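Here are the chains, one letter per residue:
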Amino acid sequence: MTVTNISGSADNGQALAIQADGKLVMAGTTIGINRDFAVARYNPDGSLDTGFADQGKTTTDFAGGNDWCLSIAIQADGKIVLAGGAMGTSYDFAVARYNPDGSLDTSFGEDGKVVTDFTGNSDLGRAVALQVDGKIVVAGYSDGTTSDFAVVRYNPDGSLDTSLDEDGMLATDFAGGNDDAHAVALHPEGDILVAGSASYYFAVARYNPDGSLDPSFSDDGKVTTLSVLGGGF
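Calculation rules
- Residues numbered from 1 in each chain as written.
- Predicted model: local features only at pLDDT ≥ 70, side-chain atom pairs only at ≥ 80, totals over all residues.
- Heavy atoms only, no water.
- Helix = DSSP H or I, 4+ residues; strand = E, 2+ residues; numbered from the N terminus.
- Rg over C-alpha atoms; globule rule 2.2 N^0.38 Å.
- Buried < 20%, exposed > 50% of the residue type's maximum accessible area, 1.4 Å probe, protein only.
- Contact = heavy atoms within 4.5 Å.
- Areas by Shrake-Rupley, 256 points an atom, 1.4 Å probe, with all protein chains shown as cover.
- Lys, Arg positive; Asp, Glu negative; His and termini not counted.
- Charge placed at Lys NZ, Arg CZ, Asp CG, Glu CD.
- Phe/Tyr/Trp six-rings, centres within 6.5 Å; stacked < 30°, edge-to-face > 60°.
- Pairing = 2+ DSSP bridges.
- Axes fitted to C-alpha atoms, helices over the stretch in contact; angles between N-to-C directions.
- Core = buried A, V, L, I, M, F, W, Y, C linked by side-chain atoms within 4.5 Å.
- Patch = residues over 30% accessible without salt bridge, like charges linked within 9 Å, V, L, I, M, F, W, Y side chains within 5 Å.
- Salt bridge = Lys/Arg side-chain N within 4 Å of Asp/Glu carboxyl O.

With that settled, the discussion passes to the overall build of the protein. The helix and strand inventory of the protein stands at zero helices and 16 strands. At 18 Å, the protein has a C-alpha radius of gyration in line with the 17 Å of a compact globule built from 233 residues. Referenced to the eigenvectors of the C-alpha coordinate spread, the extents of the protein come out at roughly 50 × 35 × 35 Å. Out of the 233 residues in the protein, the part that is buried amounts to 48%. Pairs at least 24 apart in sequence give 41% of the contacts found in the protein among residues at least 6 apart. Of the roughly 10700 Å² of accessible surface on the protein, a fraction of 52% belongs to carbon and sulfur atoms. Positive and negative side-chain charges of the protein, numbering 12 and 33 respectively, have mean locations separated by a distance of 6 Å.

Printed below as a string of structure tokens:
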């Protein structure tokens with residue numbers, strides 16, 4: 001067992017990934033003056049990898065507000081991608097990419113960080129997945145009149161991939177209620193599968209690589225599942 005204090009206050013680990021060399025990378029949120037992205041890397045024996053960032057750990061602030069890191073993925077080249085939300089006027093999708101040594105990758109976005117706003121209201125990226133071509137897919141929710149599934153795809157340099165729904169962003173409503181995506185997976189053929197909840201029922205959407213809903217999946221690309229009792233959960 002190992003416990004790591006990131007910034008001297010409360011810390012919350014949210015996601016874990018394993019590098020090809022067996023090292024463990026944990027990501028989450030640390031609370032200092034505000035909440036910030038936090039990441040720590042451990043050797044296979046559980047000790048902090050002191051060759052990573054500042055003695056094995058680092059934090060990242062986006063714009064001076066509260067930031068939440070909820071997911072992690074490791075690229076084939078060893079770069080580390082974190083996704084979550086950053087507070088500006090409201091929460092927006094936030095992605096940070098680090099070099100293998102823990103420094104922010106300045107070839108990604110602006111100084112290693114990207115923030116994406118959907119509607120001017122609250123948006124949050126909950127899950128991240130990496131395509132074989134290096135593009136980054138983040139899923140979560142976007143809040144308008146109600147919240148909807150939200151997906152953003154970024155090019156390897158952090159710019160929005162406009163081949164996805166023409167602007168790199170898409171939102172999907174299930175039945176007029178509140179929808180929230182918590183997981184994303186990529187099909188070998190390039191389809192994007194996103195899972196979460198729709199009005200408190202299980203919900204899954206499947207998109208073609210261009211962001212259109214895949215009609216071969218449940219006729220309209222969307223599925224909701226009731227609990228065994230016939231109600232939500």
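Two descriptors summarise a pair of aromatic rings, namely the distance from one centre to the other and the angle between the planes of the rings. For the coordinates displayed, the defined rule picks out three aromatic pairs. The interplanar angle of 65° and the centroid separation of 4.8 Å between the aromatic rings of Phe37 and Phe62 together place this pair among those described as edge-to-face. Of the two residues, Phe37 is situated in strand S3 (residues 35-42) and Phe62 in the loop between strand S4 (57-60) and strand S5 (67-74); the sequence distance between them amounts to 25 residues. Residues Phe37 and Phe62 agree in their burial class; the two are buried. On the numbers, 4.8 Å between centres and 65° between planes, the contact of Phe149 with Phe174 is edge-to-face. You can see Phe149 sitting in strand S11 (residues 147-154) and its partner Phe174 sitting in the loop between strand S12 (169-172) and strand S13 (179-186), a full 25 residues away along the chain. On the basis of relative accessible area, Phe149 is assigned to the buried category, the value being 0%.

Moving on: the sheet that holds strand S16 (residues 222-225). The strand order across the open sheet formed by four strands is S13-S14-S15-S16, and the pairing between neighbours is antiparallel. Since the sheet does not close on itself, it has two edges, and those belong to S13 and S16, each with one partner. Put simply, the sheet's adjacent strands are angled 20° from each other on average, direction ignored. For strand S14 (residues 192-198) and strand S15 (residues 201-207), the ladder comprises seven bridges, and the chain directions are antiparallel. Each bridged residue has a counterpart across the sheet, and for Ile192 the counterpart in S15 is Tyr207.

With that settled, consider the nonpolar core. A general trend in soluble globular proteins is that nonpolar side chains are found buried together. Within the largest apolar cluster, 17 residues are counted, with the highest numbers of intra-cluster contacts made by Phe149, Val151, Val184, Ile192, Val194 and Tyr207. Secondary-structure elements contributing two or more residues to this core are strand S9 (123-130), strand S10 (136-143), S11, S13, S14 and S15. Leave out the neighbours within four places in its chain, and Ile192 touches Val137, Arg153, Leu164, Val184, Ala185, Leu186, Ala205, Arg206 and Tyr207. Judged by nonpolar contacts, the second largest core, of 16 residues, contains Ala17, Val25, Val39 and Cys69.

Time to look at a negative patch on the surface. A surface patch of like charges, here negative, comprises Asp165, Glu166, Asp167 and Asp210. Along the chain, the position of Asp165 falls in the loop between S11 and S12. On the basis of relative accessible area, Asp165 is assigned to the partly exposed category, the value being 39%.

With that out of the way, let us pick up the environment of Glu189. Relative to the elements of secondary structure, Glu189 occurs in the loop between S13 and S14. The exposure class assigned to Glu189 is exposed, which follows from its relative accessible area of 65%.

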